[in-house]
Amino acid sequence: MSRMELSGEIAIVTGGSRGIGSAIALELGRAGAVIVLNYNNSKEQATGLLAQLPSGSVAVRADISTEEGVDAIFAADDDLGGASILVNNAGITRDGLLPMMPDEDWLDVMNTNATGTFRTCRAASLRMMRKRRGAIVNITSISAIRGNSGQTNYSASKAAVIGLSRSLARELGRRNIRINCVAPGFIETDMTSVLPNLVIESALERIPLRRIGQPEEVATMVRFLCGPDSSYISGQLFVVDGGMSA
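One structure accompanies this document, and this report is about it. (Residues numbered from 1 in each chain as written. Predicted model: local features only at pLDDT ≥ 70, side-chain atom pairs only at ≥ 80, totals over all residues. Heavy atoms only, no water.)

1. Things to note about the packing of helix 4 (residues 103-131) against helix 6 (residues 152-172)
Two numbers describe how helix 4 lies on helix 6: the axes approach to 8 Å, and their chain directions differ by 15 degrees. Between helix 4 and helix 6, the crossing angle belongs to the class labelled roughly parallel. In the packing of helix 4 onto helix 6, the handedness of the crossing is right-handed. Note on element contacts: helix 6 touches helix 4 through Thr152, Asn153, Tyr154, Ala156, Ser157, Lys158, Ala160, Val161, Leu164, Leu168 and Leu172, opposite Asp105, Trp106, Val109, Met110, Asn113, Ala114, Thr117, Phe118, Cys121, Ser125 and Met129. Among the residues making up the contact of helix 4 with helix 6, the classes are represented as 14 nonpolar, six polar and two charged. (Axes fitted to C-alpha atoms, helices over the stretch in contact; angles between N-to-C directions. Helix = DSSP H or I, 4+ residues; strand = E, 2+ residues; numbered from the N terminus. Parallel < 35°, antiparallel > 145°, perpendicular 65-115°, else oblique. Left-handed = near helix turned anticlockwise from the far one by under 90°. Contact = heavy atoms within 4.5 Å. Nonpolar A, V, L, I, M, F, W, Y, C, P; charged D, E, K, R; others polar.)

Below, the structure written as structure tokens:
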């Protein structure tokens, strides 16, 4: 990176302690942003990551599926002066075929992935409106675009995030607040590392670039969408999947 284009900015990253979230936090930190790093269970990883982030960064343990969790994140943000960047990365899966899916598996995924994103966007937008500027990047998935067997709940929740983002971009554009989505494909994370080889090989056959993506390749797209070089981009969906959904 040739410049500190986010110097002086505060960025909230939900689900930021590992995988794609940690790569995003590090990328925004390298660009100069002070990070409000949200995590839920991975305290050790969050603590280690915090040591690599700019001075003033904080880690906040909170569950974004609850109002109390979102309030805790933004209380820490307010103490720092208020974020101009929000990256919604936190998400869960409860995979299973729909005919046998219990209500709680549907609701748990929707509450975290869709309702949690709604709540953080609502809290951030109120603060950004006062600043009359801001950038929100919501992490969705190619499963929201093309569907995925055994993931009706996850696909629906991530599709909801796309609709939310495009509508919010129309609402907040006049206040100089931009909202975009990034849809990762098959990315090397803790979640994919436990998959059977047959599943990985099958996925690779559907990826034109013939390799699994890296979290850093998602993070660079997010950093671009948070920075000044994307100042006229809003309401868009950017796919980072090696051509899988082409």
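Further notes follow.
2. Some remarks on the pattern of salt bridges
Tallied over the full model, the rule gives six salt bridges. Of the charged contacts, one joins Arg223 and Glu5 as a salt bridge, the two residues approaching to 3.2 Å between their closest N and O atoms. Here Glu5 lies in the segment before strand 1 (10-13) and Arg223 lies in helix 9 (residues 215-226), a separation of 218 residues in the sequence. Judged on exposure class, the residue Arg223 and its partner Glu5 are both buried. The salt bridge involving Glu217 is made with Arg211; its shortest N-O contact spans 2.6 Å. Classification of Glu217 by relative accessible area gives partly exposed; the value is 32%. (Salt bridge = Lys/Arg side-chain N within 4 Å of Asp/Glu carboxyl O. Buried < 20%, exposed > 50% of the residue type's maximum accessible area, 1.4 Å probe, protein only.)

3. Things to note about the side chain of Ser17
As for its placement among the helices and strands, Ser17 is situated in the loop between strand 1 and helix 1 (19-30). Given a relative accessible area of 9%, Ser17 falls into the buried group. Once you skip the residues sitting within four places of it in the chain, Ser17 turns out to touch Ser22, Leu37, Asn38, Tyr39, Ser42, Gln45, Ala46 and Leu49.

4. Some remarks on the packing of helix 3 (residues 67-80) against helix 4
Orientation of helix 3 relative to helix 4, taken along the N-to-C sense of each, is 30 degrees, at an axis distance of 10 Å. Comparing their axes, helix 4 and helix 3 come out roughly parallel. Where helix 3 crosses over helix 4, the handedness of that crossing is right-handed. Within the contact between the two elements, helix 3 uses Glu67, Val70, Phe74, Asp77 and Asp78 and helix 4 uses Arg119, Thr120, Ala123, Ala124 and Arg127. Its residues assigned to classes, the contact of helix 3 with helix 4 shows four nonpolar, one polar and five charged.

These results come straight from atomic positions and should not be treated as a statement about function.
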